[in-house]
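Topology and contacts: notes
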Amino acid sequence: LDSSPVRMSLLSIAEQESRWMDDNPSEESRLANPFRPVKEVQLTRRLWIITDADGHEERVEGEAVIGQYPILEPGGRPFSYQSQTNLPGGGPGTMSGGFYFVEGTIERPTGSEFFAKCPYFMLTRPRFMF
């Protein structure tokens, strides 16, 4: 099994606003796209594309992560888990993909679903497995 730690969090409102300012440098742009902080999101599903050293790909899609639908709040505690996979043709390999979230919660959405892309990362076998 190859594994990698995965950690997700929601930016603080101050960081959200700072990035919004960077994306909307002009007064005209800021008026056309007013700042609206994201106050809560809940993970709904995930998508991973796993590629082994020989270039064989496996697409993994499904609801939740490790059976959980974490709720994230600005500056709140990150959600972390250990992702593991059997690589299609053996290790090492890579993973790319990301997570689908709904603004608000699944039961009380306040916005639409969106995709948060996870940076491409290497999969390696841990030196020790317990």
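The notes below deal with the structure included here. (Residues numbered from 1 in each chain as written. Predicted model: local features only at pLDDT ≥ 70, side-chain atom pairs only at ≥ 80, totals over all residues. Heavy atoms only, no water.)

1. Section: the pattern of salt bridges
Opposite charge on two side chains permits pairing when their charged atoms draw close. Under the criterion given, the structure shown has 4 salt bridges. For Glu 103, the salt bridge goes to Arg 36, with nearest N and O atoms at 2.7 Å. Taken as a pair, Glu 103 in strand E6 (residues 93-104) and Arg 36 in the loop between helix H2 (27-32) and strand E2 (41-52) lie far apart in primary sequence, 67 residues in all. Between Glu 113 and Arg 45 there is a salt bridge, and its shortest N-O distance comes to 2.9 Å. Within this pair, whereas Glu 113 is found in strand E7 (residues 109-123), its partner Arg 45 is found in strand E2, the two being separated by 68 residues in sequence. For Glu 113, a relative accessible area of 37% translates into the label partly exposed. A residue is classified by how much of its surface remains accessible, and Arg 45, at 31% relative accessible area, is partly exposed. (Salt bridge = Lys/Arg side-chain N within 4 Å of Asp/Glu carboxyl O. Helix = DSSP H or I, 4+ residues; strand = E, 2+ residues; numbered from the N terminus. Buried < 20%, exposed > 50% of the residue type's maximum accessible area, 1.4 Å probe, protein only.)

2. So, unusual backbone geometry
A positive phi angle, close to 60°, is found at Ala 64, a residue other than glycine. Along the chain, Ala 64 turns up in the loop between strand E3 (57-63) and strand E4 (71-72). At Ile 66, a position not held by glycine, the phi torsion is positive, near 45°. Checked against the element boundaries, Ile 66 lands in the loop between E3 and E4. For Ile 66, a relative accessible area of 53% translates into the label exposed.

3. Some thoughts on the packing of aromatic side chains
Applying the stated criterion to the full structure yields 7 aromatic pairs. Taking the centre distance of 5.6 Å and the plane angle of 50° together, the rings of Trp 20 and Phe 35 count as tilted. Taken together, the positions of Trp 20 in helix H1 (residues 13-23) and Phe 35 in the loop between H2 and E2 put the pair 15 residues apart, joining distant regions of the chain. Just above the ring of Tyr 100 sits the side chain of Arg 45; from NZ or CZ to the centre is 3.7 Å. (Phe/Tyr/Trp six-rings, centres within 6.5 Å; stacked < 30°, edge-to-face > 60°. Lys NZ or Arg CZ within 6 Å of the ring centre and 35° of its normal.)

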